[in-house]
Amino acid sequence: PAILAMRVAVTVGAGETVTRRFAFGVVPSGADVVAAVAAVRAAQPDARAAASAWRERLVWAAFPGQPSAGALQRELAWSSYAVQALATYDAYYQTRLIGQGGSYKWIHGMDGAIGDYALFAEALLPIDPALAADTLALSLATQRAPGLADAGRYPYATTGHGDFTDVLRYDRRSDAYFLMPSMIARYVALTRDTGFLDRDVPYWPRAMNQTATVVDHLKLTQQFADATLGFGAHGLVAMGTNDYADGVLQTATEPATPTGASSTFNAWLLVGGFPLASQIVASRDPALAARYSALRADQLSRLEQFAWAGDHYHRGFVDSGNPLGAANLYLEPQVLPIIAGAVDA
């Protein structure tokens, strides 16, 4: 339930200025909205102090000699404000997060998919590393608890208080299994917060009272990727029901199943992120570190053998081993090898 009622009469005389400021917020279901508004009024928020506090948290840059430098700086400051202002507190997982916001949250009712959270956390690293860490921890907390039939699985996306959705058919979205280790490694490497690896994070559902360290969550993540997600055509990591793109299997013109089709998108995420992940977890779990290194070498070899078409990389392969969407040029499988440092000039 929501209310938004507003009528503000303003009279401005010649040469005068009038300022009106508005506060927007939410009240938990069943709480007293009038009392909450009264509390905000009584607090008399200091807008100038708020502006000063925000100024220290925005992104600033210099562009000497560029004619549109002012406009670019304005957009950088605004965008860096907007992404941080989207932060919410999830009462079920008991931590903060940055979700997608926009239509995903307010129309679809979803904060985002787990792979999305990992990417949002990476964007936050230079401006709010603590919020990035919380977002990564919440992502791990959506993982199915040991003992459940799908232990180690991540949901497609979170919806509401401890709930999730697989959008009917996307119960095995696969990008999170390669993005989470990579982004956690980047967080630790950039912040030097090695203690994050030992952070105690719950499994889903919280009612089972099962928790584990970040490294143990990553270990279960890899176990699910190896044993359940598996490897598809040409031995490349499987597509699952989808990778970062929804509905990609439905575009195939010949049989393409979650375990038979493979994803070069996933393989490149692995190649780009697992070397650092191996270094980061080595002191806590040498076996997991070794698995990351072995997978990276294996997948890079297979990508060069099967995915390179002579002038571009394929998007993936259907069950038969034929390229997926061979008539199309897909952007990500060309950019990810460059980011991974796996191709020459």
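This structure is a prediction, so every number in the text was calculated from the model and none was measured.

Caption draft 1: Spotlight on the sheet that holds strand 5 (residues 164-165). Here we have three strands laid out as an open sheet, ordered 3-4-5, and antiparallel in their pairing. A strand with exactly one partner marks an edge of an open sheet, and here the two such strands are strand 3 (112-113) and strand 5. With two bridges joining them, strand 4 (residues 157-158) and strand 5 adopt antiparallel strand pairing. Counterpart to Ala157 in the pairing with strand 5 is Thr165.

Caption draft 2: Highlighting the nonpolar core. Ranked by internal contacts, the top residues of the largest apolar core, which has 66 residues, are Leu136, Phe178, Met180, Ile184 and Phe196. Broken down by secondary-structure element, the contributors of at least two residues to this core are helix 5 (114-124), helix 6 (129-141), helix 7 (176-191), helix 8 (214-229), helix 9 (264-281) and helix 10 (286-307). Counting residues per element, this core draws most heavily on helix 7, which supplies 11 residues. Counting six residues, the second-largest nonpolar core is a separate cluster that includes Met239, Val248, Leu249 and Val318.

Caption draft 3: Local environment of the packing of helix 5 against helix 6. Packing of helix 5 against helix 6 leaves a shortest axis separation of 8 Å and a crossing angle of 165°. Between helix 5 and helix 6, the angle is such that the two are roughly antiparallel. The interaxial crossing formed by helix 5 with helix 6 has left-handed handedness. Note on element contacts: helix 6 touches helix 5 through Pro129, Leu131, Ala132, Thr135, Leu136, Leu138 and Ser139, opposite Ile114, Tyr117, Ala118, Ala121 and Leu124. Of the residues that constitute the contact of helix 5 with helix 6, the class distribution is 10 nonpolar, two polar and no charged.

Quick notes on the rules
- Residues numbered from 1 in each chain as written.
- Predicted model: local features only at pLDDT ≥ 70, side-chain atom pairs only at ≥ 80, totals over all residues.
- Heavy atoms only, no water.
- Pairing = 2+ DSSP bridges.
- Helix = DSSP H or I, 4+ residues; strand = E, 2+ residues; numbered from the N terminus.
- Core = buried A, V, L, I, M, F, W, Y, C linked by side-chain atoms within 4.5 Å.
- Buried < 20%, exposed > 50% of the residue type's maximum accessible area, 1.4 Å probe, protein only.
- Axes fitted to C-alpha atoms, helices over the stretch in contact; angles between N-to-C directions.
- Parallel < 35°, antiparallel > 145°, perpendicular 65-115°, else oblique.
- Left-handed = near helix turned anticlockwise from the far one by under 90°.
- Contact = heavy atoms within 4.5 Å.
- Nonpolar A, V, L, I, M, F, W, Y, C, P; charged D, E, K, R; others polar.

Just geometry here; none of it tells us what the structure is for.
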